[in-house]
Amino acid sequence: MEPEYILQMEHVSKSYGDNLVLKDVSFNVKPGEIFALVGENGAGKSTLMNILFGMSVIHNTGGFEGDVKLCGEKANFASPNDAMKAGIGMVHQEFMLIPGFTVAENIKIGREDTTPTLASRVFGKTLEKLDREQMNKDAKKALDTIGMNIDEHVKVAGLPVGYMQFVEIAREIDKADIKLLVFDEPTAVLTETEAARLLKVMQTLAAKGIAIVFITHRLGEVMDVAQRIAVLRDGEVVSTMKPEDTDIVKVAQLMVGRKIEKMVDDSQVPENLDTAPVAVHINKLYVDMPGEVVKGVSLDIREGEIFGIGGLAGQGKIGIPNGIMGLFPAVGDVEIFGQKIAFSKLGDALHKGVAFVSEDRRGVGLLLDESIEDNIAFNAVAVKKEYLTNFGLTKLLSRKKIREHALNMIKLLDIRCTGPAQRVGSLSGGNQQKVCLASALTLHPRLLIVSEPTRGIDIGAKKLIMEHLVKLRCEEGVTIIMVSSELVELRSICDRIAIVSDGAVAEILLPDAPDADFGLAMSGARAKGVR
Amino acid sequence: MGATSIKKTIKNFGLPRIIIFSFFVLLMITAGIINMDVQSLMGDVIRRWGMYGILVLAMVPGIQSGIGPNFGVTIGIVGGLLGALISVELRSNDFFAAYASNPTLVAMMSILVALVLAVIISSVFGILYGMLLNRVKGSEMTVSTYVGFSVVALMNIMWLILPFRSQTSIWPIAQEGLRNTISLEADFSNVFNNLLGFYIGRTYIPTGLLLMFFLLCVLVWLFTKSRIGAMMAAAGTNPIYAKASGINVNRMRILGTTISTALGGVGIVMYAQSFGFLQLYNAPQMMGFSCVASILIGGASIRKARIFNVLLGTFLFHGIMAVALPVANNLIPEGNLSEILRIIISNGIILYALSKSKEEGK
């Protein structure tokens, strides 16, 4: 007898240390159902899937609470291998294919058909010969099932990206008794027609009785194919509904929806911001940053503005500042206070009055083994030749000036440390971030770009950094671009917020725009032109 | 001083250095017990300290600029040898005849010429070598080792065909090709060692040699405190950080390699004047290894090095070499044991230092 549910998640909770990432999550998936799981980055989607697959990261951090049931039976997989044996398959966002193997070999990998040989009779099954004919036949069958007409003999390396996704699906459905398929952001890298085709394939598979969990942030697709939608937010299932009972706006609202707590007081908005001269003019900027590709962004940012750039991870928002600073190959026009930035010249933006606080503070932002004071002063030394003492023949670093300045900064930004000579690597995340900010401020920039300034830091440091950004704008008239995944934070201090989706600006919104607008823009459902 | 602060001091100094220092002391005591001349042994230790010091110092700019320990310092050594050979050639052509009345002055002038030429030739080599290293990022240690070997092989041919004619340099019968070892007796042998040198008991202090060593240490230290030096160190420790600060990482690496190579050139000239001979052909082949071992023993890592590591490391490594061999020979006088021991000890220390290099580095 068919069980009523293929997958049941019952009261699943999980915490990493003190951080509760899943709170009492329950849902179930019926055979032949496409069940959509939507949510922002960090909502808990990946953790949920890690639990389902028995990933070691879950076991290593103390397991989880609650039950996962497969076909009505309790399942607690020790490893992804066990999960696969039990009939769960996964189609990844990044392809897990071997480029040098043929399509058929990739589809049959780990489950090759073999025929016995002399050697295998003596030494065991591992030495059996590959039965290529059977493998090709199976592969062909799997490909036909999903309606893909590709030659199973070609190597994967040469295939277009869209095809690789289908090879991956074919591999999963070739498994003998596949019951449940998880699609993790499968359409992220596909073109529109490819995506449409993939959705068709999902429906075909579902019609065969396979249960499908569809993880995505593209709400349009969800509305088209899903039978039920669960919205995950901050580790909780806030709602489970049927697409016909709701609409895309409502789902978007649920996904983003939280009360905007004003983290800082930003009532002192400079007057005439609308008519202020343009400080940053970005025209058709393309940046080739792996994982954060920017595909033609155009923006005008006014002097004295705090301009937010938001969007989901991997959509390209991080690529924008990194391109401007010349850290990744970029093309397009960027003018800052009327001066064009030459991407070919290293550090050109720095010399034109831009300072950058990188999202990767440990990798790019800091010299972890050096002292706080050296980190703070270094940029100014390298870029502006400040903090040096002239000894006639040569100029040496002025320890006295550096120390003095560092002490000021430590006081100004409340950097908690044993002293300016403490190694930056031994500071907490929030204090490291403050050092990064101090280093940028030491350049006395006219334009300050902060990328993910609040990632992984405590609430106190968050508040202080954001307050300081507001103060900088009010007191020194610094123009600020803040790139962040935290919509709440963007909305609490920015004057305007550009939402980046798929490498381009989806929409520019005011901070008090409705939640649904933000949700829709982020999920790429409303890719309008730039205002 | 409480137990914790003692522990901290030990930790800062590093266990490897404590072990090696104890070994050094043990050797000295053994030497005393078997009635060897400890005072003159100590003189040997100090002489070797100054003699090898600059070559070890050459490791610092390399490590700081991110190319790691410069096994290819051999390139600088070859450049220095060329400089010294040209100086010898000039002397035999009566280039320094104007100062003939004062032999010390002639020696001084000839070593200065040798040093200047060494710096120039080695710098040119260093720039090319730096450009090569920029193409093999990530495997500098292996590549530089083999570049060092290749240069030695190449120069083995060059020593035979270069048109040097000085009678002290070439084979006397064939009248062509440079000798294996060239005496500097008529040139600048020991000129710095004897400068202001004095005895404490039977321990000779080669003041000039040490002063030159310390002077170069100070210069390199000043360089690290300059803007360019700080930029170079940043490029070495975190290339992406440096790039974000608008620093051309490749150029900084070339700069570091060039300084390292030039110091290698200076180092070998100072070494030669103290030794009294120029050693050509395969002699420089393994010198890079002892330099790397010295600085690692001194507490540097393959990412981080300070002048203190140079001073301490050279003293320990070459101190042990200077004492261990005579002691061992004295204890077991048979055959060519000393040569075998030299190889075991020096390679053992290199191995030990390399195995420790990841975790160390303060």
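Residues numbered from 1 in each chain as written. Chains lettered and ligands numbered in written order. Predicted model: local features only at pLDDT ≥ 70, side-chain atom pairs only at ≥ 80, totals over all residues. Heavy atoms only, no water.

**Q** Explanation requested: the overall build of chain A in the structure shown.
**A** Looking only at helices and strands, chain A has 19 helices and 24 strands in total. A compact globule built from 531 residues would reach a C-alpha radius of gyration of about 24 Å, and chain A, at 27 Å, matches this within 12%. Overall, the C-alpha framework of chain A stretches about 85 × 60 × 45 Å when taken along its three principal axes. The buried share of chain A, reckoned over its 531 residues, is 54%. For chain A, the proportion of contacts with a sequence separation of at least 24, taken over those separated by at least 6, is 67%. With an accessible surface of roughly 23,200 Å², chain A has 51% of that area assigned to carbon and sulfur atoms. With 62 positive and 72 negative side-chain charges, chain A shows a separation of 3 Å between the mean positions of the two kinds. (Helix = DSSP H or I, 4+ residues; strand = E, 2+ residues; numbered from the N terminus. Rg over C-alpha atoms; globule rule 2.2 N^0.38 Å. Buried < 20%, exposed > 50% of the residue type's maximum accessible area, 1.4 Å probe, protein only. Contact = heavy atoms within 4.5 Å. Areas by Shrake-Rupley, 256 points an atom, 1.4 Å probe, with all protein chains shown as cover. Lys, Arg positive; Asp, Glu negative; His and termini not counted. Charge placed at Lys NZ, Arg CZ, Asp CG, Glu CD.)

**Q** Which parts of the structure should I look at to understand the overall build of chain B?
**A** Counting its regular elements, chain B contains 15 helices and 4 strands. Seen through its C-alpha atoms, chain B measures out along the principal axes to roughly 65 × 60 × 35 Å. Of all 362 residues assigned to chain B, the portion counted as buried reaches 54%. For chain B, long-range pairs separated by at least 24 residues make up 77% of all intrachain contacts whose partners lie at least 6 apart in sequence. Positive and negative side-chain charges of chain B, numbering 24 and 12 respectively, have mean locations separated by a distance of 19 Å.

**Q** Is there a simple way to think about the pairing of strand S14 (residues 294-302) of chain A in this case?
**A** A regular strand places its side chains on the two faces of the sheet in alternate fashion. Residues and elements named next belong to chain A. Two elements, strand S13 (residues 278-287) and S14, share 7 bridges in a ladder whose sense is antiparallel. Its bridge partner being in S14, Ile282 is matched across the sheet by Leu299. Where S13 folds back onto S14 in an antiparallel hairpin, the turn is made up of 6 residues, including Gly291, whose phi is positive at roughly 85°. (Pairing = 2+ DSSP bridges.)

**Q** Just checking my understanding: could you explain the interface of chain A and chain B for this structure?
**A** Where interface size is quoted, it is often the accessible area lost as the parts come together. Each partner contributes to the interface: chain A provides 25 residues, whereas chain B provides 18 residues. Interface area, chain A with chain B, both sides summed: about 1,900 Å², of which 64% is carbon and sulfur. Between the two partners, chain A and chain B, sit 0 salt bridges. Inspection of the chain A/chain B interface yields 7 residue pairs in polar contact (both at pLDDT 80 or more). At the level of elements, helix H13 (361-365), helix H14 (372-384) and strand S20 (395-397) of chain A are the ones that each hand at least two residues to the side of chain A that touches chain B. Here the side of chain A that touches chain B is built from residues that sort into 13 nonpolar, 6 polar and 6 charged. (Buried area = accessible area lost by both parts, 1.4 Å probe. Salt bridge = Lys/Arg side-chain N within 4 Å of Asp/Glu carboxyl O. Polar contact = N/O pair within 3.5 Å; in protein donor to acceptor, adjacent residues only side chain to side chain. Nonpolar A, V, L, I, M, F, W, Y, C, P; charged D, E, K, R; others polar.)

**Q** What is the right way to read the packing of aromatic side chains from this model?
**A** Each aromatic ring pair is characterised by the separation of its centres together with the angle its planes make. Scanning all chains against the criterion turns up 16 aromatic pairs over all chains. Centre to centre, the rings of B:Tyr146 and B:Phe149 are 5.5 Å apart; their planes meet at 80°, and the pair counts as edge-to-face. Taken together, the residues span about one helical turn, with B:Tyr146 and B:Phe149 both in helix H7 (residues 140-161) at a distance of 3 residues. A relative accessible area of 23% means that B:Phe149 is categorised as partly exposed. These aromatic residues form a ring-pair network of at least three members: B:Phe21, B:Phe24, B:Trp49, B:Phe213, B:Phe214 and B:Phe315. Residue placement shows A:Arg446 over the ring face of A:Phe337; its charged tip is 3.8 Å from the ring centre. (Phe/Tyr/Trp six-rings, centres within 6.5 Å; stacked < 30°, edge-to-face > 60°. Lys NZ or Arg CZ within 6 Å of the ring centre and 35° of its normal.)

**Q** I'm lost on the pattern of salt bridges in this one. Help?
**A** Pairs can form between side chains of opposite charge once their charged atoms are near each other. All names here are of chain A. The full count for this structure, using the stated rule, is 26 salt bridges over all chains. The salt bridge involving Lys295 is made with Asp502; its shortest N-O contact spans 2.9 Å. With Lys295 in strand S14 and Asp502 in the loop between strand S23 (496-501) and strand S24 (504-509), the pair connects residues that are 207 residues apart, well separated along the chain. For Glu452, the salt bridge goes to Lys317, with nearest N and O atoms at 3.8 Å. Taken as a pair, Glu452 in the loop between strand S21 (447-451) and helix H17 (459-476) and Lys317 in the loop between strand S15 (306-310) and helix H11 (319-324) lie far apart in primary sequence, 135 residues in all.

**Q** Help me out: how do you make sense of the domain arrangement of chain A in this one?
**A** Residue and element names in this part refer to chain A. Parsing chain A into structural domains produces domain 1 (7-86 + 179-256), domain 2 (261-353 + 445-531) and domain 3 (360-439). Once you take the C-alpha centre of each, domain 2 and domain 3 turn out to be 25 Å apart. Of the residues lining the interface, 16 residues belong to domain 2; the matching set on domain 3 comes to 11 residues. A combined buried area of about 1,000 Å² lies between domain 2 and domain 3, and 74% of that area is made up of carbon and sulfur atoms. Of all residues in domain 2, Leu464, Ile465 and His468 give up the largest surface area on contact with domain 3, accounting jointly for 39% of the area buried on that side. Run the count over domain 2 and domain 3 and you get 0 salt bridges. Those elements that provide at least two residues to the side of domain 2 that touches domain 3 are helix H12 (348-351), S21 and H17. If you tally residues by element for the side of domain 2 that touches domain 3, the top one is H17, at 6 residues. Classifying every residue of the side of domain 2 that touches domain 3 gives 10 nonpolar, 3 polar and 3 charged. (Domains from an automatic or database assignment.)

**Q** Mind showing me how you'd approach the confidence of the model for chain A here?
**A** For residues with low pLDDT, the predicted coordinates do not support detailed interpretation. Scored by pLDDT, chain A comes out at a mean of 83, with 94% of its residues at no less than 70. Of the regions scoring below 50 in pLDDT, residues 527-531 of chain A engages in 10 contacts with residues more than four places distant in sequence or in other chains. (pLDDT = per-residue confidence, 0-100.)

**Q** Where do I start with a nonpolar patch on the surface in this structure?
**A** Judged by side-chain polarity, B:Val116, B:Ile120, B:Val124, B:Ile127, B:Leu128 and B:Met131 come together as a nonpolar surface patch covering roughly 540 Å² of accessible area. Here B:Ile120 is to be found in helix H6 (residues 103-134). (Patch = residues over 30% accessible without salt bridge, like charges linked within 9 Å, V, L, I, M, F, W, Y side chains within 5 Å.)

**Q** Sorry if this is basic, but what is going on with the sheet that holds strand S17 (residues 339-340) of chain A here?
**A** Strand pairing within a sheet occurs via backbone hydrogen bonds; the two strands may be parallel or antiparallel. Residues and elements named next belong to chain A. Read across the sheet, 4 strands follow the order S14-S13-S16-S17 without closing on themselves; strand pairing throughout is antiparallel. Edge positions in the open sheet fall to S14 and S17, since each of these has one partner strand only. Looking at chain direction, strand S16 (residues 330-336) and S17 are connected through 2 bridges and run antiparallel. Residue pairing across strands places Ile336 opposite Gln339, the latter belonging to S17.

**Q** Honestly, the sheet that holds strand S5 (residues 73-74) of chain A in this entry has me stumped. Any pointers?
**A** All names here are of chain A. With antiparallel pairing, the 4 strands of this open sheet are ordered in space as S2-S1-S4-S5. Each having just a single partner strand, strand S2 (19-29) and S5 make up the two edges of the open sheet. Pairing analysis gives 7 bridges linking strand S1 (residues 7-16) to S2, with the strands arranged antiparallel. Note that in S2 the partner of Met9 across the bridge is Phe27. Its contacts with the sheet place helix H1 (residues 45-53) against S1, S2 and strand S4 (65-70), and it is angled at close to 115° to S1. (Axes fitted to C-alpha atoms, helices over the stretch in contact; angles between N-to-C directions.)

**Q** Help me out: how do you make sense of the confidence of the model for chain B in this one?
**A** All names here are of chain B. When the pLDDT values of chain B are averaged, the result is 87; 96% of them are 70 or greater. Within chain B, helix H12 (residues 249-275) carries the highest mean pLDDT (94), whereas helix H1 (residues 3-13) carries the lowest (71). ipTM for the predicted complex: 0.79, alongside a pTM of 0.76.

**Q** Please clarify how the environment of A:His405 should be interpreted in this entry.
**A** Residue and element names in this part refer to chain A. Here His405 lies in helix H15 (residues 399-412). For His405, a relative accessible area of 12% corresponds to the buried category. When the C-alpha positions of His405 and Ser439 are compared, they lie 10 Å apart, and in sequence the two are 34 residues distant. Each residue touching His405, except ones within four places of it in the same chain, is listed here: Ile376, Tyr387 and Thr442. A polar side-chain atom of His405 sits 2.8 Å from a polar atom in the side chain of Thr442.

**Q** Just to check I follow, could you spell out the packing of H6(B) against H12(B) for this structure?
**A** The relative placement of two packed helices comes down to the angle between their axes together with the axis-to-axis distance. All names here are of chain B. Interhelical geometry of H6 versus H12 gives an angle of 145° and a closest axis separation of 7 Å. Of the two possible hands of crossing, H6 and H12 adopt the one that is right-handed. Looking at the contact of H6 with H12, its residues break down into 13 nonpolar, 11 polar and 1 charged. (Left-handed = near helix turned anticlockwise from the far one by under 90°.)

**Q** Just checking my understanding: could you explain H12(B) for this structure?
**A** One full turn of an α-helix is made of 3.6 residues, so residues set three or four places apart face in the same direction. Residues and elements named next belong to chain B. Compared with the 39 Å implied by 1.5 Å per residue over 27 residues, the 38 Å span of H12 between its first and last C-alpha is a close match. Burial of H12 is extensive: 21 of the 27 residues sit out of reach of the surface. Two to three positions downstream of the cap, the backbone nitrogen of Asn250 sits 3.2 Å from a side-chain oxygen, assigning the N-cap of H12 to Asn248. Of the residues one or two after H12, Gly276 is the one with positive phi, at around 95°. (Expected span 1.5 Å × (residues − 1).)

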